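# Inside the fold
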Amino acid sequence: MAKYNKILVALDFHGDNAEIIEKGADLAKLYGADLYMIHVNEPLAIAYAADGMSWSDQVVSLEASLRKEAQTKMAEVAKKLGVPADRCLIREGRPSSEIHRAVEDNSIDLIIMGTHGQSGLQLLLGSTANSVLHGVKCDVLAIRVSN
Ligand code: AMP
């Protein structure tokens, strides 16, 4: 049986991501592997200043609050599972690209992610799941999530 040494769980924090977190914790225990977590903050839009106020300001403030919320949720999960801070990765950009980068940078050998996030259809792979599969350098376990 393949042995995994470094397992990365990808968390979008749209819901509580409980199934993904639980599977990651179980498999890390089973294999005696190091558990890593990643959340990627996606830029909502390229902010533009039309008239000095406004929409761009709202986007910036919404992004800041989403970032803060993700940081809080990541810290809660890390505390619960005993994951050290240097294995809690918060990145900015396109989720699939940042997940690929994290795999390379940390020699991850298994990614655990949901088949879809909040917006995905129950029976279809979501776009992040799909993009992660393309060109990935390690195994991927896609968990059918219920949200
Ligand atoms: P999606 O393909 O966007 O429906 O999401 C499928 C899965 O990709 C989610 O269940 C997460 O495991 C992962 N994922 C999606 N977005 C992110 C994100 N921003 N950061 C980390 N993981 C993500």
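Scroll up a little and you will see the structure.
Report on the accompanying structure. (Residues numbered from 1 in each chain as written. Predicted model: local features only at pLDDT ≥ 70, side-chain atom pairs only at ≥ 80, totals over all residues. Heavy atoms only, no water.)

## What to know about the nonpolar core
The nonpolar side chains of soluble globular proteins are, as a tendency, buried together. The following threshold applies: The definition of a nonpolar core used throughout is a set of buried Ala, Val, Leu, Ile, Met, Phe, Trp, Tyr and Cys residues joined through side-chain atoms within 4.5 Å. Burial here depends on accessible area, computed with a 1.4 Å probe over protein chains only, as a share of the maximum for the residue type. Under 20% is buried, over 50% is exposed, and the range in between is partly exposed. Numbering goes from the N terminus for both helices and strands, where a helix is a DSSP run of H or I of at least four residues and a strand is a run of E of at least two. Contacts are residue-level and defined by heavy atoms, with any inter-residue pair within 4.5 Å sufficient.
Counting residues in hydrophobic clusters, the biggest one holds 23 residues, and the most contacted among them are Ile7, Val9, Leu11, Met37 and Ile112. In terms of residue count, helix H1 (residues 18-31) provides more of this core than any other element does, 5 residues in total. Not counting residues within four places of it along the chain, the set of residues in contact with Ile112 comprises Ile7, Leu8, Val9, Ala10, Ile20, Lys23, Gly24, Leu27, Leu141 and Ile143.

## Thoughts on the packing of aromatic side chains
The cut-off we apply is this: Think of it this way: a Phe, Tyr or Trp ring, Trp meaning its six-membered ring, pairs with another when their centres are within 6.5 Å, and the plane angle makes it stacked under 30 degrees, edge-to-face over 60, tilted otherwise.
On inspection of all chains with the given rule, the structure shows 1 aromatic pair. Seen from their ring centres, Tyr4 and Tyr31 are 5.2 Å apart, and the 90° between their planes marks the pair as edge-to-face. On the criterion of sequence distance, the pair formed by Tyr4 in the segment before strand S1 (6-10) and Tyr31 in helix H1 is long-range, its members being 27 residues apart. A residue is classified by how much of its surface remains accessible, and Tyr4, at 14% relative accessible area, is buried.

## Focus on the pairing of strand S4 (residues 110-114)
Counted only if it meets this: Strands are labelled as partners when DSSP assigns at least two bridges between them.
S4 sits mainly inside the fold: 5 of its 5 residues count as buried. Of the two faces of S4, the one lined by Leu110, Ile112 and Gly114 and the one lined by Ile111 and Met113 are each fully buried. Where S1 and S4 come together, 3 bridges link them in parallel fashion. By the bridge assignment for S4, Val9 is matched with Ile112. By the bridge criterion, 5 bridges tie S4 to strand S5 (residues 139-143) in an arrangement that is parallel. Within S5, the position partnered with Ile112 by the bridge is Leu141.

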